[in-house]
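# Observations on chain architecture
Next come the chains, spelled out residue by residue.
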Amino acid sequence: MKFQYYRERLDDLNLLDRAVPVPLSGDGFDLAVPVGGRRRSGVCDADPVRAAHAIVSMLAQPEEFPDLRWADDEQRLRWGVDPEDAIPQQQWETEPRVPELSEEAYMRVMGILYGYSDEAIQKFIRHHGFAEDGQ
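Now for a look at the structure at hand. (Residues numbered from 1 in each chain as written. Predicted model: local features only at pLDDT ≥ 70, side-chain atom pairs only at ≥ 80, totals over all residues. Heavy atoms only, no water.)

## Looking at the pattern of salt bridges
- By the definition in use, this model includes eight salt bridges.
- Here Arg 76 ties to Asp 45 by a salt bridge, and the two come within 2.8 Å at their closest N and O atoms. Linking Arg 76 in strand β5 (residues 76–80) with Asp 45 in strand β3 (residues 41–45), this pair joins segments that are 31 residues apart in sequence.
- With a relative accessible area of 30%, Asp 45 lands in the partly exposed category.
- Asp 67 is the partner of Arg 69 in a salt bridge, and the nearest nitrogen-oxygen pair spans 3.2 Å.
- Exposure remark for Arg 69: the relative accessible area of 22% places this residue in the partly exposed category. (Salt bridge = Lys/Arg side-chain N within 4 Å of Asp/Glu carboxyl O. Helix = DSSP H or I, 4+ residues; strand = E, 2+ residues; numbered from the N terminus. Buried < 20%, exposed > 50% of the residue type's maximum accessible area, 1.4 Å probe, protein only.)

## Quick look at the layout of surface pockets
- Its volume calculated, the largest pocket comes out at about 650 Å³.
- Around the largest pocket, the lining is made up of 25 residues, and of these Tyr 5, Arg 9, Tyr 116, Ala 120 and Phe 124 lie nearest the centre.
- Contributions of two or more residues to the lining of the largest pocket are made by α1 (2–7), β3, β5, α4 (103–113) and α5 (118–127).
- Here the lining of the largest pocket takes six residues from α5, the largest share from any one element.
- When its residues are assigned to classes, the lining of the largest pocket shows 12 nonpolar, three polar and 10 charged. (1 Å grid on protein atoms, 1.4 Å probe; cavity = no way out; pocket = protein on both sides within 12 Å on 5 of 7 lines; lining within 4 Å. Points joined across faces, edges and corners; volume = space filled by probe spheres on them. Nonpolar A, V, L, I, M, F, W, Y, C, P; charged D, E, K, R; others polar.)

What follows is the structure, given as structure tokens:
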């Protein structure tokens, strides 16, 4: 299940004690891991009908699942800091140009927002070839 996935990546493993299983279509589950420590954002796949109980549970914990929202275009639940707001982006052509992050820097910021350990972030960057130095 997703517990192993997060156990291998999270900086603060205590967050798994308060994680909420979220039903998917069929028989599967995803895992909603709350914010805390360096984790400021979360996302999980969900079946909008079958996940009602999990969503109520998450709504009862607003400090751990802040700004809970449904991303209809992705069929996902999101909570915490929105990466679109946390990573500088140019909104209008008349605004001063925002310096673009390298792929490695972007992946590092995303990993930190999701509370992954430095080791897990570096492993992901190397595995997917985002490292600027090629390592």
